[in-house]
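# Descriptive analysis of the structure
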Amino acid sequence: MGTEESKKRPLVFAYYVTGHGFGHATRVVEVARNLILAGHDVHVVTGAPDFVFTSEIQSPRLFLRKVLLDCGAVQADALTVDRLASLEKYSETAVVPRASILATEVLWLKSIKADFVVSDVVPVACRAAADAGIPSVCITNFSWDFIYAEYVMAAGNHHRSIVWQIAEDYSHCEFLIRLPGYCPMPAFRDIIDVPLVVRRLHKYRKEVRKELGIGEDVKVVILNFGGQPAGWKLKEEYLPTGWLCLVCGASESQQLPPNFIKLAKNAYTPDIMAASDCMLGKIGYGTVSEALAYRLPFVFVRRDYFNEEPFLRNMLEYYQGGVEMIRRDLLTGHWRPYLERAMTLNPCYEGGTNGGEVAARILQDTAYGKNYTLDKLSGPRRLRDAIVLGYQLQRVPGRDLCIPDWYANAESELGLRTGSPTAVTAENNSLTDSYPQDFEILHGDFLGLSDTLSFLKSLAGLDALVDSPTKTGKHSIRERKAAAGLFNWEEDIFVARAPGRLDVMGGIADYSGSLVLQMPIREACHVAVQKIHPSKQRLWKHALARQQARGQGPTPVLQIVSYGSELSNRGPTFDMDLSDFLEGDEPITYEKARQYFARDPSQRWAAYVAGTVLVLMKELGICFENSISLLVSSAVPEGKGVSSSASVEVASMSAIAAAHGLNISPRELALLCQKVENHVVGAPCGVMDQMTSACGEANKLLAMVCQPAEVLGLVDIPGHIRVWGIDSGIRHSVGGADYGSVRIGAFMGREIVKSIASTLLSESRLANGSSPDESEEGGVELLEAEASLDYLCNLSPHRYEAMYAKMLPESILGESFVEKYTDHRDPVTTIDKTRNYGVRAAARHPIYENFRVKAFKALLTSATSDDQLNALGELLYQCHYSYGDCGLGSDGTNRLVQLVQEMQHSKASKSGEGTLYGAKITGGGSGGTVCVIGRNSLKSSEQILEIQRRYKAATGYLPILFEGSSPGAGKFGYLRIRRRSPPKQN
């Protein structure tokens, strides 16, 4: 752990392990191993078998003490927890003999001269440490007060004191080292987040398979339940033909079919997992963390009454690593569809897996006196956790745990999203988790995208809300009720999906014709559309009343529901008569449309969605004779500079086009969506956002010359390079004054360059007559091109510096510019004559940015080297500071870029291989997200984590991390779906 620490005296750690299952003991092994490697003694207090520790740690510094100080959850079988028995057993184990336990443990801690107590996650150990005057820390993803709280509700209030006593014991800890997939834990004063704690591999896949006599072409599932359901007999037909099953925890007397192999009790599970093709088991920290780490698809079966599970399940499903099997199918052997579905998964966890090393370092440093915690954020975090714990205490028995959106979004688990993404676990999930069985897909393919599957499942649950209005899922009651009455389930529904984008290079230079490189991100917007005859449309009451008041029959109406309104302080619904878009037989002007949507600020958002209808009417002459019902559900966060608006526009227009049989190419659709934002919304954006959302492909950069939208192709990101987006927490808006004024300044600069070039051209012709010599002819041609310059980016940097840089004004008053040049010739912005506009920096930026993007693109295909990475990073830095010169920087984005530089130039990075190489503000600037480029390595992820921690320490805001990618709307296409008829009753 470093040379400085090696000079300090060895420490003595007392490590208490809960009696609940082997998973806790196995993760303790990894932390203890790293502590011992650092030269410290570790006394482990556990009820687990010796081999769990000694198979991994062979050292005289490891001491095992067989004592059990808690009991965890008492299980009737591998899948069922006995709540009352758990409380009674805990009372018997830890409450009744409490005084004796405390006295014994205090004496023992003093006898071994313990310097530090670690608990996973034994409550009384924390109190014993406090009584002995020894600091303590817990390492866990859940605490027993949270787990037992639900048991108390079932067993009666006379057990409530157990929960309070456990919480009080935990409160004696210095802090909590919190693992990914965590539950609310309000008892702890402070927290430090670490990556996944997983055991290391001892053997390669081929070696393990050879030892077991299994060929490489054989599909293998590991059965890992930590014991098996009572009365369960495995049968040969449970497995698909040619498969083998490796069984953990089978009894010696258990007879297995020939395609099932019994593993030794001391078999090293991580090696077996890594040699398998998928795992079948129950969810626990050990199984989930190691499945994610080894990218092993996990077919899981839920446990009753163990409330750690929903948080771990969220994490597993978020990284596309899980398929849920219903218990009935497990016990009756209907395994085949689940195992075959697991083989189609591509688990995508790329976060840290060195939590054991990180936790050990924190323990060591804390014992030596270093302070890791920051008290100012403790109160809000504990309040959030306490409120969720209150939800847990009040929920209806028998229902699964609902994780509120604001809790799941409050901290994105180290910024690496290894915690609990926003989701609500549904009741009675089965194989429908892996395929949308509620709908018949008549056209298209959802491409295995988990967010699309979740959207379809959410859509399927809408009609049930009519009968059960309390089941509102993760969206607000108002949103879900409105959406429940939106569709006619006997008619087809069309679904489109469009992702947000990360601006890797190009940014605001798009409106000046630059080459840009953009990556579609994982987060996307889904839109469901139904075209329906007005007489069949399910109108909201107020819309129906509006029609009746006019004394007319059914007329075409546009109804929109947008999820997420509570997060954005806006109305969740919007409706209008489509005739409002007409004046006589012609569509209204864009100016009138802007005024129409500006009438109610809470519904101004509808311009992004309904505006697509008007643009199709005006630009393509489409006549909408039917009603349109439309549901918008976007996971692209607003105001982060990742094109949330473009994803909504592209998804909306794609779905509407599909519903009306319009064949619009992705490029043309992107240009139409730009018109929505420019002319209907009134935001002066370029076209790169819409083009990336429409034309992008997963894990590739879209290369496009914005003149106006020439797609050059897709650029592969080399395997050794990785790109992240880090949100500054400062809201970004392309409709803001800064972006618009810089755009106006750039267009002013173009007109001034053209004017100067025209003057120089006239002077040249007068001086040289009608027949200039050959050397002068080239200069004349350049001046002719520059005098009619369409895009600033067509002016090279050297020509700019040689001919125009010194002649452009630093700034100019709007009135002065109009008097001299008449107009800046930008169709989407208007000059304010009373305002002063920066010109030189605004014009210089796109000219140099176009050159930087071309260099960046060329470097991506060059030989792999540190020089390549350093050059790519330097281009990002130059872009960032050029944004600042234009006035589009912000304190938050500057701080993030500075943190990347500090990390890049630290002694640790210089002494080894550098990992982070550059960063820049993105999109329209003035806040939003920073793009970071680095080496694709574990160390890079750790450094990103450290940047997030430092940013949070400085600002109080934990940045959201954008990583991963997904296909654009064109690649996704559209789904045409129809609700399946319920089965007939006999």
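Residue numbers restart at each chain and count upward from 1, following the sequence in its written direction. Predicted model: local features are reported for residues with pLDDT of at least 70 only, side-chain atom pairs are reported and counted for 80 or more only, and whole-chain, interface and lining totals are derived from all residues. To get the side-chain values, take all heavy atoms of the structure and skip hydrogens and water.

An unreviewed UniProt entry lists the protein under the name L-arabinokinase isoform X1, from Nicotiana tabacum.

Pairs of strands are assigned from DSSP output, requiring at least two bridges between the strands. Numbered from the N terminus, helices here are DSSP runs of H or I no shorter than four residues, and strands are runs of E no shorter than two. Read from one edge of the open sheet, 7 strands run 3-2-1-6-7-8-9, paired in parallel fashion. Unpaired on one side and paired on the other, strand 3 (62-66) and strand 9 (191-193) mark the two borders of the sheet. Between one strand axis and the next, the sheet turns by 20° as a mean value, whatever way the strands run. As paired strands, strand 1 (residues 12-17) and strand 2 (residues 41-46) are joined by 5 bridges and run parallel to one another. What sits directly across from Val12, in strand 2, is Asp41. Those strands touched by helix 2 (residues 21-37) are strand 1, strand 2, strand 3, strand 6 (116-120) and strand 7 (136-140), and its axis lies near 175° from that of strand 1. To obtain each axis, a line is fitted to C-alpha atoms, and for helices this fit is confined to the stretch in contact; angles are then taken between N-to-C directions over 0 to 180 degrees. Between two residues, a contact is recorded if the distance between any of their heavy atoms is within 4.5 Å.

Attention now moves to the sheet that holds strand 11 (residues 244-247). Strand pairing in a sheet takes place through backbone hydrogen bonds and is either antiparallel or parallel in direction. Spatially, 6 strands are ordered 12-11-10-13-14-15 in an open sheet, and the strand pairing comes out parallel. Every interior strand has two partners, whereas the edge strands, strand 12 (260-262) and strand 15 (322-324), have only one. In this sheet, adjacent strand axes meet at a mean angle of 25° when their direction is disregarded. Bridge analysis of strand 10 (residues 220-224) against strand 11 gives 4 bridges, and the strand direction is parallel. When the bridges of strand 11 are listed, Val220 appears paired with Leu244.

Moving on, we get to the pairing of strand 6. Among the 5 residues of strand 6, 5 are classified as buried, and the element is accordingly described as predominantly covered. Across the two faces of strand 6 the burial is the same, with Phe116, Val118 and Asp120 and Val117 and Ser119 all buried. Looking at chain direction, strand 1 and strand 6 are connected through 5 bridges and run parallel. Paired with Tyr15 across the two strands is Val118, which belongs to strand 6. Three exposure classes are used, based on accessible area relative to the maximum for each residue type with a 1.4 Å probe and protein chains only: buried under 20%, partly exposed in between, and exposed over 50%.

A few words now on the packing of aromatic side chains. A pair of aromatic rings is counted whenever rings of Phe, Tyr or Trp (Trp by its six-membered ring) have centres within 6.5 Å, and the orientation is called stacked for planes under 30 degrees apart, edge-to-face for over 60 and tilted otherwise. Considering all chains together, one arrives at 24 aromatic pairs under this definition. Considering the side-chain rings of Tyr596 and Phe597, the 5.3 Å spacing of their centres and the 80° angle between planes classify their relative orientation as edge-to-face. The same class applies to Tyr596 and to Phe597, which are both buried. Here the aromatic rings of Tyr800 and Tyr848 are separated by 6.4 Å at their centres, their planes lie at 90°, and the arrangement is edge-to-face. Highlighted residues: Tyr800 in helix 31 (residues 797-804) and Tyr848 in helix 33 (residues 840-860), separated in sequence by 48 residues.

Further remarks concern the environment of Ser965. For Ser965, the position within the fold is in the loop between strand 31 (961-962) and helix 38 (969-972). Setting aside residues no more than four positions away along its own chain, Ser965 makes contact with Met519, Pro520, Ile521, Arg522, Glu697, Ala698 and Asn699. Whenever two N or O atoms come within 3.5 Å, that pair is a polar contact, provided that in protein one can donate a hydrogen and the other can accept it, and provided that, for residues adjacent in sequence, both atoms are side-chain atoms. Polar side-chain contacts of Ser965 include one of 2.6 Å to the backbone oxygen of Pro520.

Moving on to the confidence of the model for the protein. A residue's pLDDT is the confidence the predictor assigns to it, expressed on a 0 to 100 scale. Of the residues in the protein, 85% reach a pLDDT of 70 or more, and the chain-wide mean stands at 86. The model gives residues 394-434 a pLDDT under 50, and that stretch makes 131 contacts with residues more than four places away or in other chains. A low-confidence stretch, residues 466-473 stays under pLDDT 50, and its non-local contacts, those more than four residues away or across chains, total 10 contacts.

A separate point is the packing of helix 33 against helix 34 (residues 866-886). Interaxial distance between helix 33 and helix 34 falls to 10 Å at its minimum, and their mutual angle equals 165°. With respect to helix 34, the axis of helix 33 lies roughly antiparallel. With respect to the hand of their crossing, helix 33 and helix 34 are arranged in left-handed fashion. Residues Ala841, Ala842, His845, Glu849, Arg852, Ala855, Phe856, Leu859 and Leu860 of helix 33 lie in contact with helix 34, whose contacting residues are Gln868, Ala871, Leu872, Leu875, Leu876, Gln878, Cys879, Ser882, Tyr883, Asp885 and Cys886. Here is the rule for angles: anything less than 35 degrees is roughly parallel, anything more than 145 is roughly antiparallel, 65 through 115 is roughly perpendicular, and the remaining ranges are oblique. The crossing is said to be left-handed when, going from far helix to near helix, the turn is anticlockwise and less than a right angle, and right-handed when the turn is clockwise.

Only one rule defines a salt bridge in this text: a Lys or Arg side-chain nitrogen within 4 Å of an Asp or Glu carboxyl oxygen. Within this structure, the stated rule accounts for 47 salt bridges. Arg722 is the salt-bridge partner of Glu350, the closest N and O atoms lying 3.1 Å from each other. With Glu350 in the loop between helix 14 (336-342) and helix 15 (355-367) and Arg722 in strand 26 (residues 721-727), the pair connects residues that are 372 residues apart, well separated along the chain. Of the charged contacts, one joins Arg825 and Glu751 as a salt bridge, the two residues approaching to 3.0 Å between their closest N and O atoms. Here Arg825 is found in the loop between helix 32 (814-821) and strand 28 (836-838), whereas its partner Glu751 is found in helix 29 (residues 737-768), with 74 residues between them in sequence. Members of the salt-bridge network, linked through shared partners, are Glu30, Arg33, Glu56 and Arg200.

In this model, Asp120 is joined to Val121 through a cis peptide bond whose omega is -15°. You can see Val121 is positioned in the loop between strand 6 and helix 6 (123-131). Following Gln707, the chain continues into Pro708 via a peptide bond in cis, with omega recorded as -5°. Note that Pro708 resides in the loop between strand 24 (700-705) and strand 25 (710-716). A positive phi angle, near 65°, is found at Ser643, a position not held by glycine. Position of Ser643 relative to the elements: it lies in the loop between strand 23 (627-634) and helix 26 (644-659). Even without glycine at this site, Arg825 takes up a positive phi of about 55°.

In this section: the packing of helix 6 against helix 8 (residues 160-170). Direction vectors running N to C along helix 6 and helix 8 enclose 50°, while the axes themselves pass 7 Å from each other. The orientation of helix 6 relative to helix 8 falls into the category oblique. Here helix 6 and helix 8 pass one another in a crossing that is left-handed. Each of Pro123, Val124, Cys126 and Arg127 in helix 6 lies in contact with helix 8, whose residues at this interface are Ile166, Glu168, Asp169 and Tyr170. Polarity classes work like this: nonpolar for Ala, Val, Leu, Ile, Met, Phe, Trp, Tyr, Cys and Pro, charged for Asp, Glu, Lys and Arg, and polar for all others, with Gly in that last group. Residue classes in the contact of helix 6 with helix 8 are distributed as 5 nonpolar, no polar and 3 charged.

The next thing to look at is the environment of Asn850. Assignment of secondary structure puts Asn850 in helix 33. Separated by 56 residues in the primary sequence, Asn850 and Asn794 place their C-alpha atoms 8.7 Å from one another. Excluding residues within four positions of it along the chain, Asn850 makes contact with Ser514, Leu515 and Cys793. There is a polar contact of 3.5 Å between the side chain of Asn850 and the side chain of Ser514.

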